[in-house]
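Listed here are the chains, written in short residue letters.
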Amino acid sequence: MKKDKIWIVVQLAIVVIAVLIFTPLIIPEGQSSPELFGLPYTLWTGIIVYFILVTLNFIGARSHAKKYDDGND
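How each quantity is defined
Residues numbered from 1 in each chain as written. Predicted model: local features only at pLDDT ≥ 70, side-chain atom pairs only at ≥ 80, totals over all residues. Heavy atoms only, no water. Helix = DSSP H or I, 4+ residues; strand = E, 2+ residues; numbered from the N terminus. Buried < 20%, exposed > 50% of the residue type's maximum accessible area, 1.4 Å probe, protein only. Contact = heavy atoms within 4.5 Å. Areas by Shrake-Rupley, 256 points an atom, 1.4 Å probe, with all protein chains shown as cover. Phe/Tyr/Trp six-rings, centres within 6.5 Å; stacked < 30°, edge-to-face > 60°. Patch = residues over 30% accessible without salt bridge, like charges linked within 9 Å, V, L, I, M, F, W, Y side chains within 5 Å. Salt bridge = Lys/Arg side-chain N within 4 Å of Asp/Glu carboxyl O.

Caption draft 1: Broad picture of the overall build of the chain. What the chain contains, in helices and strands, is two helices and zero strands. Across the 73 residues in the chain, those meeting the buried criterion constitute 14%. Contacts spanning at least 24 positions in sequence make up 48% of the contacts within the chain whose residues lie at least 6 apart. For the chain, the computed accessible surface area is about 5800 Å², with 69% contributed by carbon and sulfur atoms.

Caption draft 2: Molecular detail of the packing of aromatic side chains. Applying the stated criterion to the full structure yields one aromatic pair. With centroids separated by 5.2 Å and ring planes inclined at 65°, the aromatic side chains of Tyr50 and Phe51 adopt a geometry described as edge-to-face.

Caption draft 3: Fine view of a nonpolar patch on the surface. On the surface, Leu39, Leu43, Ile47, Tyr50, Phe51 and Val54 cluster together into a nonpolar patch covering about 530 Å² of accessible area. Positionally, Val54 belongs in helix H2 (residues 41-68).

This is a description of form; function is not addressed.
So, in structure tokens, the structure goes:
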């Protein structure tokens, strides 16, 4: 049951992030400052969102795969 909750939370988080990434709330149009390590705002924000999505996918895959693992490899 716990793995089902993790799977649902991961799915909802990915959908919310995917919707927010296309709004000016996360990446405003035409804004390049502030800079982080010489990278413009939109680039480093996109990189952070990418790593968040990869982490959520990893967590979701680990929790969802174990639900259907029957041990017959």
